[in-house]
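The residues making up each chain are set out below.
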Amino acid sequence: MSGEHPAGRGGERGHSSRDPAGDVLPAWGPWTWLLVMAIIGAVQLVRQQWFAAGLFLLAAVVMAADLVRRPEEGSHRSRIHLRLGVLLPVAAVAAVALALLPRHSGAMVAVLVPLGMVALVLGWPGDRAATRQVRWPPALRRLAWAWAAIWIAGGLWELAQVLLVNLGQDPAAAPLSDLLEPALEHRAGQAVFAVVWLLAGVYLLRRGRAP
Amino acid sequence: MIASGLYFAVCAVALLVTDRIARRSADEVTITDLFDRVLTSRTIRLAVLVCWWWLGWHFLAGQTVDG
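Conventions and cut-offs
Residues numbered from 1 in each chain as written. Chains lettered and ligands numbered in written order. Predicted model: local features only at pLDDT ≥ 70, side-chain atom pairs only at ≥ 80, totals over all residues. Heavy atoms only, no water. Helix = DSSP H or I, 4+ residues; strand = E, 2+ residues; numbered from the N terminus. Buried < 20%, exposed > 50% of the residue type's maximum accessible area, 1.4 Å probe, protein only. Contact = heavy atoms within 4.5 Å. Areas by Shrake-Rupley, 256 points an atom, 1.4 Å probe, with all protein chains shown as cover. Expected span 1.5 Å × (residues − 1). Arc of directions from axis to C-beta. pLDDT = per-residue confidence, 0-100. Axes fitted to C-alpha atoms, helices over the stretch in contact; angles between N-to-C directions. Parallel < 35°, antiparallel > 145°, perpendicular 65-115°, else oblique. Buried area = accessible area lost by both parts, 1.4 Å probe. Salt bridge = Lys/Arg side-chain N within 4 Å of Asp/Glu carboxyl O. Polar contact = N/O pair within 3.5 Å; in protein donor to acceptor, adjacent residues only side chain to side chain. Nonpolar A, V, L, I, M, F, W, Y, C, P; charged D, E, K, R; others polar. Core = buried A, V, L, I, M, F, W, Y, C linked by side-chain atoms within 4.5 Å.

**Examining the overall build of chain A**
Reasoning step 1: Looking only at helices and strands, one finds 7 helices and 2 strands in chain A.
Reasoning step 2: Taking all 211 residues of chain A together, the buried fraction comes to 36%.
Reasoning step 3: Residue pairs in contact within chain A that sit at least 24 positions apart in sequence constitute 71% of those at least 6 positions apart.
Reasoning step 4: In the structure as shown, chain A presents an accessible area of about 11700 Å², 70% of it carried by carbon and sulfur atoms.

**Some points on helix H3 (residues 84-100) of chain A**
Reasoning step 1: Taking 1.5 Å per residue as the helical rise, H3(A) with its 17 residues ought to reach 24 Å, and the 24 Å between its terminal C-alpha atoms agrees with that figure.
Reasoning step 2: Every buried residue of H3(A) is accounted for by A:Leu87, A:Ala91, A:Ala94, A:Ala95, A:Leu98 and A:Ala99. Down the axis of H3(A), the smallest arc covering the buried residues is 130°, so these residues share one side. Relative to its buried face, H3(A) has exposed residues pointing more than 90 degrees away, namely A:Gly85, A:Val93 and A:Leu100.
Reasoning step 3: Its buried side turned inward, H3(A) meets helix H4 (106-123) and helix H7 (187-205) of chain A together with helix H3 (42-60) of chain B.

**Details of the confidence of the model for chain B**
Reasoning step 1: In the predicted model, chain B carries a mean pLDDT of 88, and 94% of its residues have values of at least 70.
Reasoning step 2: With pTM at 0.84, the complex prediction returns an ipTM value of 0.89.

**A closer look at unusual backbone geometry**
All names here are of chain A.
Reasoning step 1: At glutamine 48, a position not held by glycine, the phi torsion is positive, near 60°.
Reasoning step 2: Counting through the fold element by element, glutamine 48 comes out in the loop between helix H1 (29-46) and helix H2 (50-68).
Reasoning step 3: Looking at glutamine 48, the relative accessible area reads 53%, which means it is exposed.
Reasoning step 4: Residues other than glycine seldom take positive phi values, yet histidine 104 does so here, at roughly 60°.
Reasoning step 5: Take histidine 104: it is sitting in the loop between H3 and H4.

**Side note on the packing of helix H5 (residues 138-166) of chain A against helix H1 (residues 2-25) of chain B**
Reasoning step 1: As a packed pair, H5(A) and H1(B) sit with axes 9 Å apart at the nearest point and diverge in direction by 175°. Overall, the two elements H5(A) and H1(B) adopt an arrangement that is roughly antiparallel. When H5(A) is examined against H1(B), the residues A:Ala139, A:Arg142, A:Leu143, A:Ala146, A:Trp147, A:Ile150, A:Trp151, A:Ala153, A:Gly154, A:Trp157, A:Glu158 and A:Gln161 are found in contact with a partner set consisting of B:Ala3, B:Ser4, B:Tyr7, B:Phe8, B:Cys11, B:Ala14, B:Leu15, B:Thr18, B:Asp19, B:Ala22 and B:Ser25.

**What to know about the interface of chain B and chain A**
Reasoning step 1: The partner chain A presents 86 residues to the 56 residues of chain B that form the contact.
Reasoning step 2: Across the chain B to chain A interface the summed buried area is about 6700 Å²; carbon plus sulfur atoms make up 70%.
Reasoning step 3: Inspection of the region where chain B meets chain A yields 2 salt bridges.
Reasoning step 4: One can count 18 residue pairs in polar contact (both at pLDDT 80 or more) joining chain B with chain A.
Reasoning step 5: The set of elements that each furnish at least two residues to the side of chain B that touches chain A consists of H1, helix H2 (31-38) and H3 of chain B.
Reasoning step 6: The element contributing the most residues to the side of chain B that touches chain A is H3(B), with 19 residues.
Reasoning step 7: Across the side of chain B that touches chain A, the residue classes break down as 31 nonpolar, 15 polar and 10 charged.

**Thoughts on the nonpolar core**
Reasoning step 1: If you look at the biggest cluster of nonpolar residues, it comprises 56 residues, and the most contacted ones within it are A:Met37, A:Leu98, A:Leu112, A:Leu143, A:Trp197, A:Leu198 and B:Leu34.
Reasoning step 2: Counting residues per element, this core draws most heavily on H3(B), at 12 residues.

**Digging into the side chain of A:Gln161**
Reasoning step 1: Secondary-structure assignment places A:Gln161 in helix H5.
Reasoning step 2: Sequence-distant contacts of A:Gln161, defined by excluding residues within four places in its chain, comprise A:Ala173, A:Ala174, A:Pro175 and B:Ser4.

Here it is, written out as structure tokens:
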């Protein structure tokens, strides 16, 4: 096992008997995400939100097909990494539209769908086999596990709230949607959400370059 | 509703606290580094982007409140 450190990085404090460059992403990692997508799709079925259910379940199917395909199959196009100078102006224009258009309208859909397609075009390409060489230093691994536990705890709470609402068991149950809806009903709240959401998208689209 | 709001607030604070703790143990550990490594997997990248996009759809275009 190689002991080299990622270029340009200092060593960690403390002492570890393991490879300081860290282990690779476990093979089951992507499969857990596939499971998450399937669960979310099932919850959307319970909510009778057919579009959302179809979206998540289709994504799970695509992910599964990509995972079982041999690494040498398919194209190995490099990812398109757009500069902030390109992404931010596009996000700014989209933010104006998303802030001003009426929620739940056809015009809003007409803006959101192309944004999703752009994200898919930018996010899909890449050599799947190369991810097996990404190293995880121990400290980063611990952070990843901590974040995973917190997100799972939040997700389980959200799931419980959604089920309680849909099954009519607890009138006080409040999924995240119920908490944010009052703010989103106002133009300012809608604008803040649009900006935060688009900035998050820009951030995510610029991630994923193997160190 | 207050309990649910508090729970989500605690989760958000916990994310920040774990980030701070991680930075103290190793200077090069950052959330951006975490996302960079996680999102090298195309499968995970697709899942994260689908979740991100759906959040926008859910709050801006789709049905938001159940019941």
